[in-house]
Amino acid sequence: MGTMLFQILYLVGYFFTNTFQMTKQITSLEDYQSTYKYSIENPENFWEEQANTFNWFKPFDKILEWNFEEPEIKWFVNGKLNITYNCLDRHIEVKGNQVAILWEPNNPNENVKKYTFKTLLSEVNKCANALKAKGITKGDRVIFYMPMVPELAIGVLACARIGAIHSVVFAGFSARALADRVDDAQAKMIVCSDYNNRGNKCIQVKQVVDDAMDLSCNSIETVLVHQNTGGEVNWSDDCDVWWHDLVDNQSDVCEPEWMDSEDMLFILYTSGSTGKPKGVVHTCGGYMVYTCYSFKNVFQYKEGDVYWCTADIGWITGHSYIVYGPLLAGATTMMFEGVPTYPDAGRFWSICEKHKVNQFYTAPTAIRALMAKGDEWPQKYDLSSIKVLGSVGEPINVEAWEWYDKHIGKGKAPIVDTWWQTETGGILITPLPGITDTKPTFASYPMPGVQPVLVDTEGNEKIGNGIEGLLCIKFPWPSMLRTTYGDHDRCCQTYFSPFKGYYFTGDGAKRDEEGRIRIIGRVDDVINVSGHRIGTAEVENAINAHPEVIESAVVGFPHEIKGQGIYAYVIVDGNINSNDEFISEVLKVVVKEIGPIAKPDEIQIVSGLPKTRSGKIMRRILRKIASKDISNLGDISTLLNPEVVDEIIEQAGLKA
Ligand code: PRX
């Protein structure tokens, strides 16, 4: 009965929507210019047209309601949809046997796995039924702590299938960091693997989950464990369940839960300038429309192409441009389990050759690291299939851009330097390959429907070209964050209060004489280490957990490979036995509290920190010292303790 009802409802829903249509692709500069103009002058019509290329179970009755003052944003109001229906079911008829997910293992001698749209749908449905069997229903939160195995994508989609809210935690975070996220989300289930194969290491995953469960995670009822390596794990019969026991025998039919456009799709935790990471909330309708539209246009994906984004699904890039965007667009998307340097520094290029990759999307850190290994690595492989190269996550320097262009793209594959954020859900500023021009270090032009502005510190828009300012967006776009989980006030304070009437990105930017935008970097206390976003306050809190630490200040400094490195100034209580021992203890504490990605590159033990008379740490000075540039420290005489500046400079070995 239920199934029949579903079929009838589905047919009704089907007639409400357009039959199979695809998002429009921009094809020329004139097309971009006229589309952009139209999208700004008629944003609602523009997005309505994009939204109508999807299957809606019930059409939306209003396109947009918004308010940036008391932030409330609703797109495609009262529409009903399921994003997995649009990722999977709607492709079955035409391309059921096309590969949807192509999985390349860590070990190049192991077998590749291929999931067609049909088999992926079956696996997602089985997992969805398994989640239901464990009591997960619409609105429940499920945390994923997994390496880059296909089951991660399957599990995420299974949540979306039944309306559960997924929150993927990058599997490099510590038990403490994982527990914090579980507690904040009040998640009912954790999905994890036993171990993670990464390069020549085998990393414990389940053990970290066990440790997190020992710390807190009281809301967790089930830990669903995917057997990846088959290594021994500790087992708790109370809550642990093997994936193969629970998922494999489920039915491969699962009716999608019809979600409201504004129902939550996922929470993704990201660092800010203060406090603990916040849960950025994305909702179903707008995120679906924007990720598909941006994917199709930014990568100029054509039928039959193989697209590869090297990110981890633990970050927004993996959500939007490994899983959702490509699948919505009916693309073949590759997932890679391993690292760029295993078994050798040619791995990325050997994979590009092996799978004839057409669009390759990675981070500047990876480019710089591979560039340092020498030109001979890419030269060994046939990279002629590559049509588009992408960069994301941090500013790309000219040398890395040029190397990427010359040695990977062979001067023929345009580089799209894509600027966006966890909060924006999708790429907002980028060249369009073969359509708009490219210029090293410039993210260039806004996507249709996106209205970036540069403002001064008072929030006045700076008009014209050849200027610099703080990057804000003045009109909503469908995939923007809606709130920060459980704390809407924090969302208001962080993004909408700094400049009235604007979404504030936290980035500084320049506009050149021709109107191209160049992102300079964060203007707040967020640093970008190897494309990973880290809050200085988070690292300070971790360091301060060491019993001998009185106070610490953390800043970023330019790093040749990582883009930015982490520099920590630490005041120590009394006498420590040896500096080296103390520093290694501090590093251990940071790894325990956050994870290895937040480990400081430099730790300087100091007797004091430069402070204003109101007690604020003068980070500007500390940043300069960390950057080994003491040429222009400004007036330090008004500090509470100016003498400490000289001492820190001297200790850092910067005085002649
Ligand atoms: O500073 C910008 C930088 O990364 C920040 C967002 O980090 P996250 O939320 O982790 O998302 C990263 C992946 C989308 C931004 O505020 N950033 C991102 N892309 C670029 C960039 N900086 C310069 N150029 C980019 N292309």
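One structure accompanies this document, and this report is about it. Just so it is clear, the structure is predicted and the values come from calculations on it, not from any experiment.

1. Details of the pairing of strand β2 (residues 72–77)
The two faces of the sheet receive side chains in turn, since in a regular strand these alternate between them.
Phase 1: Of the strand pairs in this sheet, strand β1 (residues 62–67) and β2 are connected by five bridges, and their pairing is antiparallel. Among the inter-strand pairings, W66 is bridged to a residue of β2, identified as I73.

2. Quick word on the packing of aromatic side chains
Two measures describe an aromatic ring pair: the distance that separates the ring centres and the angle between the ring planes.
Phase 1: Counting across every chain of the model gives 45 aromatic pairs.
Phase 2: Ring geometry for Y32 versus Y445: centroids 6.4 Å apart, planes at 55°, classification tilted. Highlighted residues: Y32 in helix α2 (residues 29–41) and Y445 in the loop between β20 (415–418) and β21 (452–455), separated in sequence by 413 residues. Like Y32, the residue Y445 is buried in the burial classification.
Phase 3: Grouping aromatic residues by their ring pairs yields a cluster made of F46, W47, W56, F60, W75, F76, Y290 and Y293.
Phase 4: Between the NZ or CZ atom of R181 and the centre of the ring of F173, over which it lies, the distance is 4.4 Å.
Phase 5: Here the basic side chain of K439 rests over the ring of F442, its NZ or CZ set 4.3 Å away from the ring centre.

3. Comments concerning the nonpolar core
One recurring pattern in soluble globular proteins is that nonpolar side chains are buried together.
Phase 1: Counting 116 residues, the largest nonpolar core has L120, F299 and Y324 as the members making the most contacts within it.
Phase 2: Not counting the four nearest positions on each side in its chain, Y324 is found in contact with I83, C87, V156, L157, A160, H166, L265, Y287, T291 and H319.
Phase 3: Core analysis: the next-biggest nonpolar cluster, separate from the first, contains 51 residues, I267, V554, V572 and V586 among them.

4. Let's talk about the pattern of salt bridges
Phase 1: Following the criterion strictly, the structure yields 33 salt bridges and no others.
Phase 2: Of the charged contacts, one joins R161 and D89 as a salt bridge, the two residues approaching to 2.8 Å between their closest N and O atoms. On the criterion of sequence distance, the pair formed by R161 in helix α6 (residues 150–162) and D89 in helix α4 (residues 83–95) is long-range, its members being 72 residues apart. Both residues of the pair, R161 and D89, count as buried.
Phase 3: Connected through salt bridges with shared partners, the residues D437, K439, D512, E514 and R516 form a single ionic network.

5. Considering the site of the ligand
Phase 1: With respect to spatial proximity, 17 residues lie near the ligand, and among them D417, T418, T422, D507 and R533 are the closest.
Phase 2: Between the ligand and D417, the relevant distance is 2.7 Å, taken from a nitrogen atom to a side-chain nitrogen or oxygen of the residue.
Phase 3: Contact distances for the ligand include 2.8 Å between a nitrogen atom and a backbone N or O atom of T418.
Phase 4: Protein contacts shield 95% of the accessible area of the ligand, which totals 540 Å² for the unbound molecule.
Phase 5: If you list the elements that add at least two residues to the shell around the ligand, you get α11 (316–328), β20 and β25 (517–522).
Phase 6: When the residues that make up the shell around the ligand are grouped by side-chain class, the tally is six nonpolar, six polar and five charged.

6. Some details on the pairing of strand β11 (residues 222–226)
Phase 1: Burial runs high along β11: five of the five residues are buried.
Phase 2: The two faces of β11 match: T222, L224 and H226 on one face and V223 and V225 on the other face are all buried.
Phase 3: Bridge count for strand β8 (residues 189–193) against β11 is five bridges, and the pairing is parallel. Residue pairing in the sheet places M189 in a bridge with T222 of β11.
Phase 4: Alignment of β11 against strand β12 (residues 240–242), held across three bridges, turns out to be parallel. The residue bridging V225 from the neighbouring strand is W242, located in β12.

7. Observations concerning the sheet that holds strand β5 (residues 113–116)
Phase 1: Spatial strand order, β5-β4-β17-β16-β18-β19-β20: seven strands in an open sheet with mixed pairing. The two strands at the open ends of the sheet, each matched to only one other strand, are β5 and β20. Neighbour to neighbour, the strand axes of the sheet diverge by 20° on average, direction disregarded.
Phase 2: Of the strand pairs in this sheet, strand β16 (residues 306–309) and strand β17 (residues 332–336) are connected by three bridges, and their pairing is parallel. Paired with W308 across the bridge in β17 is M334.

8. Observations regarding the packing of α4 against helix α5 (residues 117–133)
Phase 1: Close contact between α4 and α5 brings their axes to 9 Å; oriented N to C, the two are set at 150°. Of the two elements, α4 crosses α5, and the hand of that crossing is left-handed. The residues of α5 that touch α4, namely those facing C87, L88, D89, H91, I92 and K95, are F117, K118, L120, L121 and V124.

9. Here we look at helix α10 (residues 284–298)
Phase 1: Between the first and last C-alpha of α10 there are 21 Å, a value that for 15 residues agrees with the 21 Å anticipated at 1.5 Å per step.
Phase 2: Buried residues dominate α10, accounting for 15 of its 15 residues.
Phase 3: Residue Q300 follows α10 closely and has a positive phi angle near 45°.

Rules and cut-offs
- Residues numbered from 1 in each chain as written.
- Predicted model: local features only at pLDDT ≥ 70, side-chain atom pairs only at ≥ 80, totals over all residues.
- Heavy atoms only, no water.
- Pairing = 2+ DSSP bridges.
- Helix = DSSP H or I, 4+ residues; strand = E, 2+ residues; numbered from the N terminus.
- Phe/Tyr/Trp six-rings, centres within 6.5 Å; stacked < 30°, edge-to-face > 60°.
- Buried < 20%, exposed > 50% of the residue type's maximum accessible area, 1.4 Å probe, protein only.
- Lys NZ or Arg CZ within 6 Å of the ring centre and 35° of its normal.
- Core = buried A, V, L, I, M, F, W, Y, C linked by side-chain atoms within 4.5 Å.
- Contact = heavy atoms within 4.5 Å.
- Salt bridge = Lys/Arg side-chain N within 4 Å of Asp/Glu carboxyl O.
- Near = heavy atom within 4 Å.
- Polar contact = N/O pair within 3.5 Å; in protein donor to acceptor, adjacent residues only side chain to side chain.
- Areas by Shrake-Rupley, 256 points an atom, 1.4 Å probe, with all protein chains shown as cover.
- Nonpolar A, V, L, I, M, F, W, Y, C, P; charged D, E, K, R; others polar.
- Axes fitted to C-alpha atoms, helices over the stretch in contact; angles between N-to-C directions.
- Left-handed = near helix turned anticlockwise from the far one by under 90°.
- Expected span 1.5 Å × (residues − 1).

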